[in-house]
Amino acid sequence: MSAITTLVTGGSGFVGPYLIAALEALGRDVVALGEAPARGTRHYPPEIRPRWRQIDLCDRHAVEAIVRETRPAELYHLAALSSVAASFEDPSQTYQTNLMGTVYLLEAVRRHAPDARVLLVSSAEVYGGLSSPLDENCPFAPANPYAASKVGAEMAGLAYFRAHGLGVVRARAFNHTGPGQLDRFVIAAFAKQIALIEAGRQEPLLRVGNLSARRDFLDVRDVVAAYTALMARGAAGAAYNVASGRAVAMQALLDQLLACSSADVRVETDPALLRPVDVPELVGDRRAIGEATGWEPRIPLDQTLSDVLADWRERVRMLGTPLLA
């Protein structure tokens, strides 16, 4: 029996290599869109061997060509401009990539792989500042361009399911972190600064944004397990929160990281790190994904934080090691 062809967009991003490794362990024939990371780096082991293609998701002809060529049975759509802060700086590019890139992909699937299962990775940001815990029936209330672009992408996916019967499942991912994440995301930013201070490469001053915000955090490895479970058992047309069900203040996360370090660190709020609009709390109700797939998070947050800090210590030690987006 031939392997199932699986297309992964955003394969070279933060989550991509973790997902590709999980899919290859399941025996999938993976075609990854993105720039192939150097083999043997810390988060891209040499045994990961997908076929790589470099295309621009905003180029609809290139998108159609890759779907026509591969005719995947499964498609994981991870690719996005995912920084909320960057979305305020360049909203038009955020909408073009996250919304129109999704539309081009769905249209290509409709034309050339209409029986494929499609997992659209969305975001908890679509809920905005609504009261937590949030379930999948809560209305959309996007508070930034990134969130609005994800609302549009979700609605495109739902329309393609209703109009054309595409097997689209939507995953609303809450915050996630782990080894390999870039420092434009908050936990990685904390860990990088601590590692630099420990190594004597930064003054003992850690710059932060809003520490009162409360977020629902998962380990990236648990998130990947949720995605593969939803691909296998999620209902087409449905949306599922990928969440821990527990909110933690940024202050508490920082305190946990600092407790892992012997460095004497001062903490200072940097106005440049404050968002124009910052949702006070985001925490998800995870009952729907549990009922549909049996998934639940397994990696404790303290282990995740320890792993992230260890990763950044190694990266600082090995200055010049390639970083994942």
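What the rule picks out here adds up to 16 salt bridges. A salt bridge links Arg 28 to Glu 74; the nearest nitrogen and oxygen atoms lie 3.1 Å apart. Of this pair, Arg 28 sits in the loop between helix H1 (16-25) and strand S2 (29-33) while Glu 74 sits in strand S4 (residues 74-77); the two residues are 46 residues apart in sequence, bridging distant segments of the chain. A salt bridge links Glu 198 to Arg 313, with the shortest nitrogen-to-oxygen separation between them at 2.8 Å. Taken together, the residues span a long stretch of sequence, with Glu 198 in helix H6 (residues 186-198) and Arg 313 in helix H10 (residues 301-317) at a distance of 115 residues. Here Glu 198 falls in the partly exposed class, since its relative accessible area comes to 32%. Within the structure, one salt-bridge network assembled from shared partners comprises Glu 107, Arg 110 and Arg 111.

It is worth spelling out the side chain of Ser 149 at this point. Here Ser 149 lies in helix H5 (residues 145-164). Classification of Ser 149 as buried rests on a relative accessible area of 0%. Ignoring any residue separated from it by four or fewer positions in sequence, one finds Ser 149 in contact with Thr 94, Tyr 95, Asn 98 and Leu 99.

This part takes up the nonpolar core. Formed by 31 residues in total, the largest nonpolar core has its most connected members in Tyr 76, Leu 119, Tyr 227, Leu 230 and Val 242. Those elements that provide at least two residues to this core are H1, S2, strand S5 (117-123), strand S6 (167-173), helix H7 (220-233) and strand S11 (239-242). If one sorts the elements of this core by residue count, H7 sits on top with eight residues. Not counting residues within four places of it along the chain, the set of residues in contact with Leu 230 comprises Arg 117, Leu 119, Val 169, Ala 171, Tyr 240, Val 242, Ile 289 and Thr 293. In terms of nonpolar packing, the next biggest core, distinct from the first, is built from 25 residues, Phe 190, Ala 195, Leu 211 and Val 316 among them.

Turning to the sheet that holds strand S12 (residues 248-249), a few remarks are in order. The sheet built from three strands is open, its strands ordered S12-S9-S14 with mixed pairing. Since the sheet does not close on itself, it has two edges, and those belong to S12 and strand S14 (281-282), each with one partner. Across two bridges, the pairing between strand S9 (residues 214-215) and S12 is antiparallel. Bridge assignment links Arg 214 to a residue of S12, and that residue is Ala 249.

Look at Arg 71: it is not a glycine, yet its phi comes out positive at around 40°. Along the chain, Arg 71 falls in the loop between helix H2 (60-70) and S4. Classification of Arg 71 by relative accessible area gives partly exposed; the value is 48%.

It is worth spelling out the pairing of S6 at this point. Of all seven residues in S6, seven are buried, a share of seventy percent or more. The side-chain alternation of S6 yields two buried faces, one formed by Gly 167, Val 169, Ala 171 and Ala 173 and the other by Val 168, Arg 170 and Arg 172. Where S5 lies against S6, seven bridges are found, and the strand directions are parallel. Directly across from Val 121, in S6, lies its bridge partner Ala 171. Once you follow S5 into H5 and on to S6, the crossover reads as right-handed. Taken together, the four bridges between S6 and S11 define a ladder with parallel strand orientation.

Calculation notes
The numbering scheme is per chain: residues are counted from 1 as the chain's sequence reads. Local features in this predicted model are restricted to residues whose pLDDT is 70 or higher, and side-chain atom pairs enter the listing and the counts only when it is 80 or higher, whereas totals over whole chains, interfaces and linings include all residues. Here the side-chain values reflect all heavy atoms present in the structure, with hydrogen atoms and water set aside. The salt bridge criterion pairs a side-chain nitrogen of Lys or Arg with a carboxyl oxygen of Asp or Glu, the two atoms within 4 Å. Under the scheme used here, helices are H or I runs from DSSP no shorter than 4 residues and strands are E runs no shorter than 2 residues, and both carry numbers assigned from the N terminus. To sort residues, take the accessible area from a 1.4 Å probe on protein chains only and compare it with the maximum for the residue type: under 20% means buried, over 50% means exposed, and anything in between is partly exposed. Whether two residues are in contact is decided by their heavy atoms, any of which lying within 4.5 Å being enough. Joining through side-chain atoms within 4.5 Å is the link that ties buried Ala, Val, Leu, Ile, Met, Phe, Trp, Tyr and Cys residues into a set, and such a set is a nonpolar core. A pair of strands is labelled paired if DSSP reports no fewer than 2 bridges between them. Orienting the strands away from the viewer, one traces the path from the first strand over the helix to the second; a clockwise path indicates a right-handed crossover.

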